[in-house]
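# An overview of the molecular structure
Chain by chain, the residues run as shown.
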Amino acid sequence: MEILHGFAPVIAPASRILILGTMPGAMSLEKQQYYGFPYNAFWRIMAELTGTSPLPERYGERLAMLTGHGIALWDVCCTCRRAGSLDSNICDERPNDIPGLLAAHPTLRAVAFNGAPAHRLFKKHIGLTAIGEDREVFVLPSTSPANASWSYGRKLAAWSVLKRYLE
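Because the structure is a prediction, the values reported are computed rather than measured.

## Considering the packing of aromatic side chains
- This model, assessed by the stated rule, comprises nine aromatic pairs.
- Relative to Tyr-59, the ring of Trp-43 has its centre 6.2 Å away and its plane inclined at 85 degrees; by these criteria the two rings are edge-to-face. Here Trp-43 is found in helix 2 (residues 42-50), whereas its partner Tyr-59 is found in helix 3 (residues 59-68), with 16 residues between them in sequence.
- By the ring-pair criterion, three or more aromatic residues cluster together here, those being Phe-7, Tyr-34, Tyr-35, Phe-42, Trp-43, Tyr-59 and Trp-159.
- Lying across the ring of Tyr-152, Arg-44 places its NZ or CZ 3.7 Å from the centre.
- One residue, Arg-154, lies across the ring of Trp-150, its end atom 3.8 Å from the ring centre.

## Concerning a nonpolar patch on the surface
- A surface patch of nonpolar side chains, amounting to about 320 Å² of accessible area, comprises Met-27, Phe-37 and Tyr-39.
- Note on placement: Phe-37 falls in the loop between helix 1 (26-31) and helix 2.

## With respect to unusual backbone geometry
- A cis amide bond links Ser-53 with the next residue in sequence, Pro-54, at an omega value of -5 degrees.
- For Pro-54, the position within the fold is in the loop between helix 2 and helix 3.
- Positive phi, close to 60 degrees, is recorded for Gln-32, a residue that is not glycine.
- Within the secondary structure layout, Gln-32 lies in the loop between helix 1 and helix 2.
- Its identity is not glycine, yet Asp-92 carries a phi of approximately 50 degrees, on the positive side.
- Tracing the chain through its elements places Asp-92 in strand 5 (residues 91-95).
- Exposure remark for Asp-92: the relative accessible area of 54% places this residue in the exposed category.

## Some words on the pairing of strand 2 (residues 17-21)
- Burial analysis of strand 2 places five of its five residues in the buried class, the great majority of the element.
- Residues Ile-17, Ile-19 and Gly-21 of strand 2 are buried on one face, and the alternating residues Leu-18 and Leu-20, pointing to the opposite face, are buried as well.
- As paired strands, strand 2 and strand 3 (residues 71-75) are joined by five bridges and run parallel to one another. Directly across from Leu-18, in strand 3, lies its bridge partner Ala-72.
- Sheet topology places strand 2 next to strand 6 (residues 110-114); four bridges connect them, and they run parallel. Following the sheet pairing, Leu-18 is matched in strand 6 by Val-111.

## A few points about the sheet that holds strand 4 (residues 77-81)
- The sheet built from three strands is open, its strands ordered 1-4-5 with antiparallel pairing. Two strands in the sheet have a free side with no partner beyond their single neighbour: strand 1 (4-5) and strand 5.
- As paired elements, strand 4 and strand 5 share three bridges and run antiparallel to each other. Bridge assignment links Thr-79 to a residue of strand 5, and that residue is Arg-94.

How each quantity is defined
Residues numbered from 1 in each chain as written. Predicted model: local features only at pLDDT ≥ 70, side-chain atom pairs only at ≥ 80, totals over all residues. Heavy atoms only, no water. Phe/Tyr/Trp six-rings, centres within 6.5 Å; stacked < 30°, edge-to-face > 60°. Helix = DSSP H or I, 4+ residues; strand = E, 2+ residues; numbered from the N terminus. Lys NZ or Arg CZ within 6 Å of the ring centre and 35° of its normal. Patch = residues over 30% accessible without salt bridge, like charges linked within 9 Å, V, L, I, M, F, W, Y side chains within 5 Å. Areas by Shrake-Rupley, 256 points an atom, 1.4 Å probe, with all protein chains shown as cover. Salt bridge = Lys/Arg side-chain N within 4 Å of Asp/Glu carboxyl O. Buried < 20%, exposed > 50% of the residue type's maximum accessible area, 1.4 Å probe, protein only. Pairing = 2+ DSSP bridges.

The following block contains the structure:
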């Protein structure tokens, strides 16, 4: 398996929420876009939370939707090996410098993990103490279609805990 490389963080100076995934899936890596798989609910959920309607179609506009509402985006893994797109197949991972990002952006008040695997990898490689006591931590259901036991409505309801950071 080849080594996969993630993306740079998407962040603005006034970002208040940092959303962390694991590593972009195969289609996202191919497109060079976060959450590039069309059946992933991430962008629909972000549009709902930010009150953006309709959901922007262009990737640049989607990123602007996030940063314009104080949402930053990155992944726990900088590099890894993985067959396919499932988080359970991630191995030989190396983490991003998330503590450095958090230190450089004190406006970040919450860290939200997009799924338990992202949370698990963060704890394994970095440790939750790196987040700091003054930030709230959320482990949210994965927006991936592989998380089929959660309906879109349940996912949206769970992710709605972030709304207070958007106002």
